[in-house]
Amino acid sequence: MTTHKTRMLIIGSGPAGLTAAIYGARAGLSPIVVQGLQPGGQLTITTDVENYPGFRDVIQGPWLVAEMQAQAEHVGTRMLWDTIVDVDFSGAGKAGAPFRAIGDSGDVYEGDALVIATGAQARWLGVPGEQELSGKGVSACATCDGFFYRGKKVVVIGGGNTAVEEALYLTNHSQDVTLIHRRDSVRAEKILQDRLFTHPNIKVLWNKRVDHFVGDTAIGGAGLTGVALIDTVTGEASLEPTQGAFVAIGHAPATELFKGKLELDAGGYVVVQPGTPKTSIPGVFACGDVMDHTYRQAVTAAGTGCMAALDAERFVAEHAFAAKG
Ligand code: NDP
């Protein structure tokens, strides 16, 4: 067991954590980034990125985050392969690396300031067949997996912006896309609704919830063959044949670690003071999707990562902690 001390401890290695690291390293805080279970975060399961400023041509999500990591390391960040399994904030307000985190490896990480950048993950329905057929027809990421369903019939479940965007995206690959929603109206923004309702290759099944996924889970088997539905108004059961189902019912922030230790909102997101990355504990900062359920973009995550580092830097300077990087 090793104890790693730093002036700035960062949990999470997506664009928020890596941007915080770049700023923190350049400010001389010798940050440590503990990478977590999915190093690079959600960008690593994205393909084309066309809206990250500075790149005229289409770039790839995994490439972008690898470049961010290389830059963070180049300016002096230590990237460590570990997953934080517990945190201890009882030292808050005291001098000398007050924030402790325990890694799955048994290593201990101590920071004068802590930046939480653990991100969010797609939510699942939790119905029978979903987990068993995951990767065999059931997916939570159309941009990652849509390509595999070229020319096939696919469905998207959900009625928010993500679901509608995924349905529209899937029309690049499939001429037969069905959106399945549990109510009779979608909450996606108007411009997306207009595109959805006028698209010739998308149909919408209203008032339907997924009861279970149907298919063959054997290796080399058919995979997903259909989605068993229940009408939420009449209770009637039906089967929608499909080879690809994309679950797009929102995201859940990765904040299990912080329950009871930090103020979280009803959705589990870290509460920050409006317009800042400051959490309910001075010296603990949150950035990226773990505190932002509205924008959820790589560029906004990077922006709030920068803010977290600048505020962490000020916090460390004001408290003149003794820990060595
Ligand atoms: P949302 O929370 O906005 O929507 C989730 C959808 O899934 C809702 O329609 C909800 O139904 C449905 N749903 C939730 N749970 C279940 C369930 N158990 N069974 C069936 N359906 C379910 O999530 P999104 O990921 O779409 O968006 C999250 C945020 O990110 C939003 O603020 C959105 O605006 C933003 N976003 C913005 C984008 C953009 O600007 N381009 C792109 C993507 C997201 P119901 O409506 O009945 O509650």
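Here we summarise the structure given alongside this text. Starting afresh in each chain, residues are numbered from 1 along the sequence in its written order. Where totals are concerned, whole chains, interfaces and linings use all residues; where local detail is concerned, this predicted model gives features only for residues with pLDDT of at least 70, and gives and counts side-chain atom pairs only at 80 or more. The basis for every side-chain value is the complete set of heavy atoms in the structure, and neither hydrogens nor water enter the calculation.

**Things to note about the site of the ligand**
Phase 1 of the analysis: The environment of the ligand is made up of 19 residues, and the closest members are T162, E165, R183, R187 and R296.
Phase 2 of the analysis: Within the contact set of the ligand, an oxygen atom lies 2.6 Å away from a side-chain nitrogen or oxygen of T162.
Phase 3 of the analysis: With residues, only the protein chains shown are counted as cover, and all accessible areas are computed by Shrake-Rupley using a 1.4 Å probe. Here the ligand loses 74% of its free accessible area of 910 Å² to cover by the protein chains.
Phase 4 of the analysis: Each helix is a run of DSSP H or I of at least 4 residues and each strand a run of E of at least 2, with the numbering of both proceeding from the N terminus. Among the elements that take part in the shell around the ligand, helix α4 (residues 161-170) stands out by supplying three residues, more than any other.
Phase 5 of the analysis: Asp, Glu, Lys and Arg are counted as charged, while Ala, Val, Leu, Ile, Met, Phe, Trp, Tyr, Cys and Pro are counted as nonpolar; the rest, among them Gly, fall into the polar class. The class makeup of the residues in the shell around the ligand is three nonpolar, 10 polar and six charged.
Phase 6 of the analysis: The domain boundaries here were taken from an automatic or database domain assignment. Each of domain 1 (3-121 + 251-324) and domain 2 (124-247) gives at least three residues to the shell around the ligand. In these notes, residues near a molecule or strand are those with any non-hydrogen atom within 4 Å of it. Under this definition, polar contacts are N or O atom pairs within 3.5 Å; protein pairs additionally need one hydrogen-donor-capable and one acceptor-capable atom, and for neighbouring residues in sequence, both atoms have to be side-chain atoms.

**Re the environment of A142**
Phase 1 of the analysis: Relative to the assigned elements, A142 resides in helix α3 (residues 142-145).
Phase 2 of the analysis: Residue burial is assigned from relative accessible area. The probe radius is 1.4 Å, only protein chains are included, and a residue is buried under 20% of its type maximum, exposed over 50%, and partly exposed in between. A relative accessible area of 0% means that A142 is categorised as buried.
Phase 3 of the analysis: Here the alpha-carbon distance between A142 and R56, two residues 86 residues apart in the chain, equals 23 Å.
Phase 4 of the analysis: Contacts: residue pairs with any heavy atoms within 4.5 Å of one another. With sequence-adjacent residues up to four places away left out, A142 is seen in contact with E166, Y169, L170 and F246.

**Quick word on the packing of aromatic side chains**
For any two aromatic rings, the description comes down to two numbers: the centre-to-centre distance and the angle of the planes.
Phase 1 of the analysis: Centres within 6.5 Å are what make two rings of Phe, Tyr or Trp a pair, Trp counting through its six-membered ring; a difference in plane orientation under 30 degrees is then read as stacked, over 60 as edge-to-face, and the rest as tilted. Throughout the structure, instances matching the rule amount to eight aromatic pairs.
Phase 2 of the analysis: A centroid spacing of 6.4 Å and a plane angle of 40 degrees characterise the contact between Y52 and F55, whose relative ring orientation is tilted.
Phase 3 of the analysis: Ring plane angle 85 degrees and centroid distance 5.5 Å describe the contact between Y149 and F246, whose orientation is recorded as edge-to-face. Pair noted here: Y149 is in the loop between α3 and β11 (153-157) and F246 is in strand β17 (residues 244-247), with a separation of 97 residues, a long-range link. Just as Y149 is buried, F246 falls in that class too.

**Re the sheet that holds β11**
Phase 1 of the analysis: When DSSP locates at least two bridges between a pair of strands, those strands are taken to pair. Judged by pairing direction, the sheet is parallel, and its five strands sit side by side in the order β10-β17-β11-β12-β13 without closing on themselves. One side of each edge strand has no neighbouring strand; the edge strands of this open sheet are β10 (138-139) and β13 (202-205).
Phase 2 of the analysis: Working convention: axes come from line fits to C-alpha atoms, limited for helices to the stretch in contact. Angles between N-to-C directions cover 0 to 180 degrees. The strands that α4 touches are β11, β12 (176-180), β13 and β17; relative to β11, the one it contacts most, it runs at about 165 degrees.

**Some details on the pairing of β12**
Phase 1 of the analysis: The buried count for β12 comes to four of five residues, which makes it a mostly enclosed element.
Phase 2 of the analysis: As paired elements, β11 and β12 share five bridges and run parallel to each other. Residue pairing in the sheet places I157 in a bridge with I180 of β12.
Phase 3 of the analysis: Assignment of crossover handedness uses the view with strands pointing away from the viewer, where a clockwise path from the first strand over the helix to the second indicates a right-handed crossover. Tracing the backbone out of β11, into α4 and back to the parallel element β12 gives a crossover that is right-handed.
Phase 4 of the analysis: Across four bridges, β12 lies against β13 in parallel orientation. Bridge assignment links T178 to a residue of β13, and that residue is K203.
Phase 5 of the analysis: Taking the sense of rotation as the criterion, the β-α-β connection linking β12, helix α5 (residues 190-198) and β13 turns out right-handed.

**Digging into the side chain of T279**
Phase 1 of the analysis: Structurally, T279 is set in the loop between β18 (251-253) and β19 (284-286).
Phase 2 of the analysis: Ignoring sequence-local partners within four residues, the contact set of T279 consists of L262, V270, V271, V272, Q273, V284, F285 and A286.

**Some remarks on the sheet that holds strand β16 (residues 237-241)**
Phase 1 of the analysis: Judged by pairing direction, the sheet is antiparallel, and its three strands sit side by side in the order β14-β15-β16 without closing on themselves. In this open sheet, the two strands that pair with only one neighbour each are β14 (208-216) and β16. Put simply, the sheet's adjacent strands are angled 30 degrees from each other on average, direction ignored.
Phase 2 of the analysis: In this structure, strand β15 (residues 223-231) lies alongside β16, joined through five bridges in antiparallel fashion. Looking at the pairing, I230 lines up with A237 of β16.

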